[in-house]
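Structure at a glance
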Amino acid sequence: MLKNYLKIAWRNLTKHKAYTIINVGGLALGMAVTLIIGLWINDELNHNSHFPQKDKIAQVYQSQTMNGQTGTGPAIPRPLEMAMREDYMDNFKYVVMSSWNTPQYLKNGETSLSRNGYFIQRDAPEMLDLKIIKGEKDGLREINTIMLSESSANALFSNEDPIGKTLKVNSEHDMMVTAVYEDIPFNTSFSDADYLMPWAKYVTLWDWVKRSEDYWDNNSFQMFVQIADNTTIEAVSEKIRDVKKIKDPDLVEFNPEMFLLPMEDWYLRSNFQNGKQVGGRIKYVWLFGIIGVFVLLLACINFMNLSTARSEKRAKEVGIRKSIGSQRGQLINQFLGESFLVVLLAFIIAVGIVVLSLSGFNELARKEMEFPWTSLLFWGVSLVFILITALLAGSYPALYLSSFRPVDVLKGTFKTGKHSGLPRKILVVVQFTVSVAFIIGTVIVMQQINHAKNRPIGYDKEGLVQIPTMSQDFTGKFELMRDEFIKSGAVTEMSTSSAPTTRIWSNRSGFNWEGKPEGFQEDLAWTEVSPEYAKSLGLKIVAGRDFSRDFASDSLGILINETAVKYMGLQDPVGQIITDSDTEDPFEPMKIIGVVEDMIAQSPYEPVKQGWYVFDRNDNGSFYNMRLNPNKSASENIAIIERVFKEHFPNIPFQYDFVDEEYGKKFASEVRVGRLSGIFTALAILISCLGLFGLTSFVAEQRTKEIGVRKVLGASVFNVWNMLSKDFLKLVVISCFIAVPIAYYVMNGWLQEYPYRVILKWWIFALAMIGAFLLTIITVSFQAIKAAKSNPTKSLRTE
Amino acid sequence: MLLQLNNIFKWVQSGGQRIFLLKDINLEVQEGEFISIMGPSGSGKSTLLNVIGMLDAFDEGEYHFLEDSVHNLKEKHRSNLYKEYIGFVFQQYHLLDDLTVQENLEMPLIYKKFKGSERKAMVADMLDRFNIVGKKDLFPAQLSGGQQQLVGIARALISNPKLILADEPTGNLNSKQGEEIMDLFKQLNEEGVTIIQVTHSEKNAEYGSRIINLLDGRMI
């Protein structure tokens, strides 16, 4: 029986090639999209699942409230460590202090590389269960040690055995390699750990870290924990909540609350709003999940529509089969079997498409996914997926076709009733509703990105290069280097700053000024700069004056941005004196000398933060900012800069970033979403059009005789085209009116997350509607014109 | 007695009026009969045949087939009944276009759940009996009308039905092919198969043992 069904199904497929290509091709495309999205979602959901102890690992987070605003983040103060170890240790298996990811120069002989990694406490390798290739797992026991990832070890030592060898770190510290561990997989939060060095070393490296040992208000570090086996993350969170308030009652006014964020939430649910966890990347998982389901739905609708449209051709077969003894159930099985065959075929093609496009997709989505050939789970899920799709796509035709009465179809009096096309029409409406909504959504995402990209950023980012200068080698050399670089002709102006142009690295409070409201808890972005900062960036002075080397008093001067003027409530900012709010051992009073235009240093979607630019008195900047000579090409300039750099810092790898590129990275996530949704939209539209194309050809075929009669009676090609197209265009118009409110609602919600956002204009919707309309006309016209031009004598004779 | 129709009525509702397709049909058919149903177009010949073949329902009356009361049976039992005892032959042959001659013959056996080896033997027998062994791998479109109808009859016969219902079996054939088919029916009848045919042709009706005339759904 089964063999027979399959045989018939196969012959049916090979006989009607165009139909098969549309049907199988469309379904394969839809499945490929769903498969890729499925792989992507799986990868997202399994971020960090590499770590065996993932259910027990957490990061300590902190919420603090300032002026009624609660901010939440992973930054914690250093004394928390001792508090945990002394008072709370029975809740934990491991408590691990860690630095932020810090790039360091690692040097072995002549090979010098910049590598990312962490200064972290000794239990980390055990907690993360690092796979040790060489050396010992407890490799951070001594202070001057370093553990390397396999790829870093290979890059630095090539074929040598690195264990026991000494690396020069930042050209001043000798660190002995104690272990080489397998690279931590890409889809984990520690994939950027090229090296691990002891926390104990970190504490000795910088004065400010040393000094922070007892300060509960210096939130500059992070802490990872693995909880004890007999407790839960929620329970421990509850216990440690008030630790900071207990240990430093002075800070109670900020209401600091500590809690644990479980490892499974780090990647997908790390956003907080007013102290509440509000998701994060998980929204994209939902977004693409929904897109995947819809695209598959579109493909299934094609299948249903084309199968039922063909029903008249197969009605006779149903009649014959019933008259020679087939029961309805057997026919249902037969049609479901055919559906299964088509879906299976489509799945095989879809797997092919996925395999071929995976590397491209990986690049687009910044992933390292592989096709799970050996995963039983994948094949199991796929089988279920195939069965569900086959059922979804095949059930309607199966039930519909098998319901025909043999007398009707065999007598030749069978006509599909007036309303038999209704379900088909509804399905077309669903398809186009989804497509139009996708078009609108994609256009709005693109618009929002462009809107933010076109936002005035306050400085000139073109032709601006930054060089990291965090190593001690650069200390005290700024003046010299500025002269050298300007003399070389590659640079017209240069400054140093304590943070990159595109970031805020430091926030401060504890100041007093005239008219400061009682109890106001200020929070100001703090950047230390050399006097040429505004000039090198092209930042405009809107009041007062820039720093000048001519005035010695400028070393206590401050430039503030326009937002800070409003934030501090200053009427006449220039000349205002800033004093320390801490009256024991206060710093020297500072003076506001000028106001600069707001520049975007953080998210281009958010308002500019109130900020101060203060004179860098210690020549301790983290970046050189260089304005390139506009009369030379960028590559010439860079070559010259590199040469000068190498002359003065032969031990340090030359690294540089174009600020405009760095700034562009702020859009990476949105651009990625925009591109992906653009591609998926295009595919959704393609699938819908493919289905519409197939459907029109069937309708045209069905109405061949009618068209013949009409033509004999004098209908023009236009009349016939109009007759055939009208029905479909009506459906598309209905779809548009359903899609627009849905798209408006969803996209408006999406935009609410961006304080700086595009205003939704009516023409976006009109454009999407016109686009869908034109697309339909083109698709339908292909068949309609062909049918309209056919010779009526031919079509009438075949009856 | 093979089947019996008592006071069968069938109608359709049209504008508040009943239009009768079959009106008070009483018919008794014995095993081994060869009956021809005649009448002008629209007189209800095919409807009657479909009612007898259980492909079509009726609105009033009783229908007994062997031991069973068809009017009381559910769809599934009815289809089991006709699957078991009745074979259909159509004017337009109604072979499955996508299947070869051999596969077309096999089809009813599949629905009756015969085993593969049995099916093969029965199909081979039938091909042999109808002298179409050489055509077994051809598709219907590759055969002449007469040959297609031969296959149609072979398919109707393959599961050894007690009754063959033929709706104008020669209607699409030329006279020579038609004669051959009618001869075949006569021969089958002599071998014991009950046959009921619908026909327009007086000549074909002569092959039968009894003629029923219909006019406007009524037996005359």
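Residues numbered from 1 in each chain as written. Chains lettered and ligands numbered in written order. Predicted model: local features only at pLDDT ≥ 70, side-chain atom pairs only at ≥ 80, totals over all residues.

Focus: the domain arrangement of chain A
Residues and elements named next belong to chain A. As far as domains go, chain A holds domain 1 (1–47 + 275–420), domain 2 (57–266), domain 3 (426–453 + 663–799) and domain 4 (472–651). Using C-alpha coordinates to define each centre, domain 1 is positioned 22 Å away from domain 3. At the junction of the two partners, domain 1 supplies 24 residues and domain 3 supplies 23 residues. The set of elements that each furnish at least two residues to the side of domain 1 that touches domain 3 consists of helix 2 (17–45), helix 11 (282–309) and helix 13 (328–365). Broken down by element, the side of domain 1 that touches domain 3 gets its largest block of residues, 12 residues, from helix 11. (Domains from an automatic or database assignment. Contact = placed C-beta atoms within 7 Å. Helix = DSSP H or I, 4+ residues; strand = E, 2+ residues; numbered from the N terminus.)

Section: the sheet that holds strand 7 (residues 163–167) of chain B
All names here are of chain B. Taken together, the 6 strands give an open sheet; going across it, the order is 6-7-8-3-9-10, and neighbouring strands pair in mixed fashion. Edge positions in the open sheet fall to strand 6 (86–89) and strand 10 (218–219), since each of these has one partner strand only. In this sheet, strand 10 lies alongside strand 9 (residues 210–215) in antiparallel orientation, the contact comprising 2 bridges. Looking across to strand 10, one finds that L215 is bridged to R218. Contacts from helix 1 (residues 45–52) reach strand 3 (34–38), strand 7, strand 8 (194–198) and strand 9 within the one sheet, and its direction differs from that of strand 8 by about 150°. (Pairing = 2+ DSSP bridges. Axes fitted to C-alpha atoms, helices over the stretch in contact; angles between N-to-C directions.)

Things to note about the UniProt feature "domain: MacB-like periplasmic core" (unreviewed entry) in chain A
Residue and element names in this part refer to chain A. Listed under "domain: MacB-like periplasmic core" (unreviewed entry) in the UniProt record, and renumbered for this structure, are residues 20–242 and 433–599. Between the C-alpha atoms that bound residues 20–242 the distance is 67 Å, and the span itself is 30% helix and 30% strand. As annotated, residues 433–599 comprises 26% helix and 25% strand, and the C-alpha atoms at either end are separated by 42 Å. (UniProt positions renumbered as here; feature names shortened; annotations may be inferred.)

Quick word on the nonpolar core
Residue and element names in this part refer to chain A. Formed by 155 residues in total, the largest nonpolar core has its most connected members in M31, V295, A299, V436 and I440. Sort the elements by how many residues they give to this core and helix 11 lands first, with 14 residues. Both domains that furnish three or more residues to this core are identified here as domain 1 (1–47 + 275–420) and domain 3 (426–453 + 663–799). For A299, the contacting residues outside a window of four places in its chain are G26, L27, L29, G30, M31 and I687. Grouped together as the second largest cluster of nonpolar side chains are 57 residues, A153, V169, F190 and A193 included. (Core = buried A, V, L, I, M, F, W, Y, C linked by C-beta atoms within 7 Å. Buried ≥ 20, exposed ≤ 12 C-beta atoms within 10 Å, placed from the backbone.)

Digging into the sheet that holds strand 5 (residues 68–69) of chain B
All names here are of chain B. If you trace the 4 strands from one edge of the open sheet to the other, you get 2-1-4-5, paired in antiparallel fashion. The two strands at the open ends of the sheet, each matched to only one other strand, are strand 2 (17–29) and strand 5. Inspection of the sheet shows strand 1 (residues 3–14) paired to strand 4 (residues 60–65) by 5 bridges, in the antiparallel sense. Within the sheet, the bridge partner assigned to N6 lies in strand 4 and is E62. Against the sheet, helix 1 engages strand 1 and strand 2, with an angle of about 60° to strand 2.

Here we look at helix 1 (residues 2–15) of chain A
Residue and element names in this part refer to chain A. For helix 1, spanning 14 residues, the distance from its first C-alpha to its last is 20 Å, which sits close to the expected 20 Å at 1.5 Å a residue. All buried positions along helix 1 are accounted for by I8, A9 and N12. Across the axial projection of helix 1, the buried residues extend over an arc of 95°, all falling on one side. Of the exposed residues in helix 1, those oriented more than 90 degrees away from the buried face are K3 and T14. In the core, the buried residues of helix 1 are packed alongside helix 13. (Expected span 1.5 Å × (residues − 1). Arc of directions from axis to C-beta.)

Things to note about the pairing of strand 7 of chain B
The two faces of the sheet receive side chains in turn, since in a regular strand these alternate between them. Residue and element names in this part refer to chain B. Counting buried residues in strand 7 gives 5 out of 5 residues, a clear majority hidden from the surface. Burial along strand 7 is two-sided: the face carrying L163, L165 and D167 and the face carrying I164 and A166 are both buried. Relative to strand 7, strand 6 runs parallel, the two sharing 4 bridges. Looking across to strand 7, one finds that V89 is bridged to A166. With 5 bridges joining them, strand 7 and strand 8 adopt parallel strand pairing. In the strand pairing of strand 8, D167 is matched with V198. In the classification by handedness, the crossover that spans strand 7, the intervening helix 6 (residues 175–190) and the parallel strand 8 is right-handed. (Right-handed = clockwise from strand over helix to strand, strands pointing away.)

Topic: the packing of helix 11 of chain A against helix 14 (residues 376–402) of chain A
Residues and elements named next belong to chain A. Two numbers describe how helix 11 lies on helix 14: the axes approach to 9 Å, and their chain directions differ by 25°. If you check the angle between helix 11 and helix 14, you find them roughly parallel. As for the relative orientation of helix 11 and helix 14, their crossing is right-handed in sense. Contacts from L296, C300, F303, M304, S307 and T308 of helix 11 reach helix 14 at T389, L392, A393, Y396, P397 and Y400. Partitioned by chemical class, the residues of the contact of helix 11 with helix 14 number 9 nonpolar, 3 polar and no charged. (Parallel < 35°, antiparallel > 145°, perpendicular 65-115°, else oblique. Left-handed = near helix turned anticlockwise from the far one by under 90°. Nonpolar A, V, L, I, M, F, W, Y, C, P; charged D, E, K, R; others polar.)

Some words on the interface of chain B and chain A
Interfaces are often sized by the accessible area lost when the parts come together. Listed by partner, the interface residues are 19 residues for chain B and 19 residues for chain A. Residue assignment for the side of chain B that touches chain A shows that the elements contributing at least two residues are helix 1, helix 2 (75–85) and helix 3 (101–111) of chain B. Top contributing element to the side of chain B that touches chain A by residue count: helix 3 of chain B, with 4 residues. Of the residues belonging to the side of chain B that touches chain A, the class tally is 9 nonpolar, 4 polar and 6 charged.

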